[in-house]
Amino acid sequence: MRKKIVAGNWKMNTTFAEGEALVKAIIAKKGEVKNDVTLVVAPPFTHLTCLAEELEKAGIGLSAQNCAEHESGAYTGEVSAKMLASVDVKYCILGHSERREYYGETNATLTKKIDVALKYGLIPIFCVGEKLDEREANRHFDVINAQLEVLTRLSAEDFGKVIVAYEPVWAIGTGKTATSAQAQEIHTFIRKALAAKFGAAAEQTPILYGGSCKPSNAAEIFAQPDVDGGLIGGASLAADDFIAIAKVF
Ligand code: PEP
């Protein structure tokens, strides 16, 4: 049985007080979610240290939204994987489409980031997904295959730690969701591509769907055999919605 995971990507939202209140509200409702569903939240860097203990006690995973590609040194403004691990962060989102689009992250950058994240014991939540024009040109499989090269070069041991998130860029923050059939089609494609390199281990890799996921559409998407949960943006900023999505399992 693969792990079921619902992760909230808060992006650049919430002051510390708002983030603390959101965490308290999520913790208060966590009992409504089945025990075999792993909840993860990815607040901004500034909140991580202060939220770590409370989340740990509640059994909720703490994730960063990014990490530096370098280990340490003269990289003003960057936050390293080692720093994140030192404040008990367990997961790190890597390759989010907003990082690829606005900060120019490429396979080369992401290869360095994933290596350094794994070195310091962070579990990467590695995002892949095609843009609208790429889907319309029927290039979505090629695009995703190319993005997956960051994973297929990992050792079997490191690969076993990775979580994948399929996030069609045209569905992120747009209110447009992939149909459950579109999600399943890509999730199967991803699993097969990973299995071609890692064999049966790919059967254990959680593949999350992300893109305008909300309580009203999560049930249908999560019911697909290769969808193992969600990476939730907007809807993770309201505890009721985040928990309602996780309760779908
Ligand atoms: C995301 O940014 O990871 C995401 C899925 O956003 P939203 O749910 O808002 O589309």
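This structure is a prediction, so every number in the text was calculated from the model and none was measured.

Caption draft 1: Quick peek at the overall build of the protein. Across its full length, the protein carries 12 helices and eight strands. In terms of overall dimensions, the protein is globule-like: its C-alpha atoms have a radius of gyration of 17 Å, near the 18 Å expected for 249 residues. When its C-alpha atoms are laid out on the principal axes, the protein stretches across 45 × 45 × 35 Å. Looking at the protein as a whole, 51% of its 249 residues qualify as buried.

Caption draft 2: Structural view of empty space enclosed by the protein. Counted by the stated rule, this structure contains one cavity of 30 Å³ or more. Put simply, the largest cavity is a space of about 40 Å³. Together, Gly95, His96, Ser97, Arg100, Cys127, Val128, Gly129, Gln147, Glu167 and Val169 line the largest cavity. Broken down by class, the residue content of the lining of the largest cavity amounts to three nonpolar, five polar and two charged.

Caption draft 3: Fine view of the packing of aromatic side chains. Scanning the entire structure with this criterion turns up four aromatic pairs. Here the aromatic rings of Phe159 and Phe198 are separated by 3.8 Å at their centres, their planes lie at 5 degrees, and the arrangement is stacked. Note that Phe159 is positioned in helix α9 (residues 156–159) and Phe198 in helix α10 (residues 180–198), a separation of 39 residues in sequence. Under the relative-accessibility criterion, Phe198 is labelled buried at 12%. The residue whose ring lies beneath Arg99 is Tyr103, and the NZ or CZ to ring-centre distance is 4.1 Å.

Caption draft 4: How the structure looks around unusual backbone geometry. The residue Lys11 is not glycine, and still its phi comes out positive at about 55 degrees. Turning to its location among the elements, Lys11 is positioned in the loop between β1 (4–9) and α1 (16–29). Residues other than glycine seldom take positive phi values, yet Asp88 does so here, at roughly 65 degrees. Assignment of secondary structure puts Asp88 in the loop between α3 (81–86) and β4 (91–94). Judged by its relative accessible area of 45%, Asp88 is partly exposed.

Caption draft 5: Structural context of the environment of Val87. With respect to the helices and strands, the residue Val87 is situated in the loop between α3 and β4. Residue classification places Val87 among the partly exposed residues on the basis of a relative accessible area of 23%. Residues Val87 and Phe249 lie 162 residues apart in sequence; the distance between their C-alpha atoms is 30 Å. For Val87, the contacting residues outside a window of four places in its chain are Thr49 and Ala52.

Caption draft 6: Inspection of the site of the ligand at higher detail. Around the ligand, the structure places 14 residues, and the nearest of them are Lys11, His96, Glu167, Gly173 and Ser212. Here Gly173 contributes a backbone N or O atom positioned 2.6 Å from an oxygen atom of the ligand. Between Ser212 and the ligand, the recorded distance is 2.7 Å, taken from a backbone N or O atom to an oxygen atom. When the ligand sits alone it has 300 Å² of accessible area, and the protein chains cover 95% of it. Counted by class, the shell around the ligand contains four nonpolar, eight polar and two charged residues.

Caption draft 7: Focus on the environment of Lys247. Note on placement: Lys247 falls in the segment after α12 (239–246). Other than its neighbours up to four places away in sequence, Lys247 contacts Glu32 and Val33.

Caption draft 8: Seen up close, the layout of surface pockets. Considering only enclosed or pocket space, the largest pocket measures out at about 480 Å³ in volume. Surrounding the largest pocket, 15 residues form its lining, Lys11, Met12, Gln65, Arg99 and Tyr103 being those nearest its centre. Looking at the lining of the largest pocket, the elements that each hand over two or more residues are α2 (45–58) and α4 (97–102). Residue contributions to the lining of the largest pocket peak at three residues, all from α4. When grouped by side-chain class, the residues that make up the lining of the largest pocket number seven nonpolar, five polar and three charged. Taken as a whole, the second largest pocket encloses approximately 260 Å³ of empty space.

Procedures and definitions
Numbering of residues starts from 1 in every chain and runs along the sequence as written. Residue-level local features of this predicted model are given only where pLDDT is at least 70; pairs of side-chain atoms are given and counted only at 80 or more, and the full residue set underlies all totals for whole chains, interfaces and linings. With hydrogens and water stripped out, all remaining heavy atoms of the structure feed into the side-chain values. Helix numbering and strand numbering both begin at the N terminus, where a helix is a DSSP run of H or I of at least 4 residues and a strand a DSSP run of E of at least 2. Here the globule rule is a power law, 2.2 Å times the number of residues to the power 0.38, and the radius of gyration is based on C-alpha atoms. Three labels apply to residues, based on accessible area from a 1.4 Å probe with only protein chains included: buried if under 20% of the type maximum, exposed if over 50%, partly exposed otherwise in between. Lining residues are defined by having an atom within 4 Å of a point belonging to a cavity or pocket. Those points lie on a 1 Å grid over the protein atoms alone, cavities being sets where a 1.4 Å probe fits but cannot get out and pockets being open sets with protein on both sides within 12 Å along at least five of seven lines. Grid points are joined across faces, edges and corners, and a volume is the space filled by probe spheres set on the points. Following the grouping adopted for this structure description, the nonpolar residues are Ala, Val, Leu, Ile, Met, Phe, Trp, Tyr, Cys and Pro, the charged ones are Asp, Glu, Lys and Arg, and the polar ones are all others, Gly among them. Any Phe, Tyr or Trp ring, taking Trp's six-membered ring, that has another such ring centre within 6.5 Å forms a pair; planes under 30 degrees apart are called stacked, those over 60 apart edge-to-face, and the others tilted. Put simply, a charge is over a ring when the Lys NZ or the Arg CZ is close to the ring centre, within 6 Å, and near the line of the ring normal, within 35 degrees. Residue contacts are counted whenever heavy atoms from the two residues lie within 4.5 Å of one another. Near, as used in this document, describes a residue that has one of its heavy atoms within 4 Å of the molecule or strand being considered. Two N or O atoms form a polar contact when they lie within 3.5 Å of each other; inside protein one atom must be a possible hydrogen donor and the other a possible acceptor, and for residues adjacent in sequence the pair counts only when both atoms belong to side chains. Computed with the Shrake-Rupley method and a 1.4 Å probe, the accessible areas treat only the protein chains shown as cover for residues.

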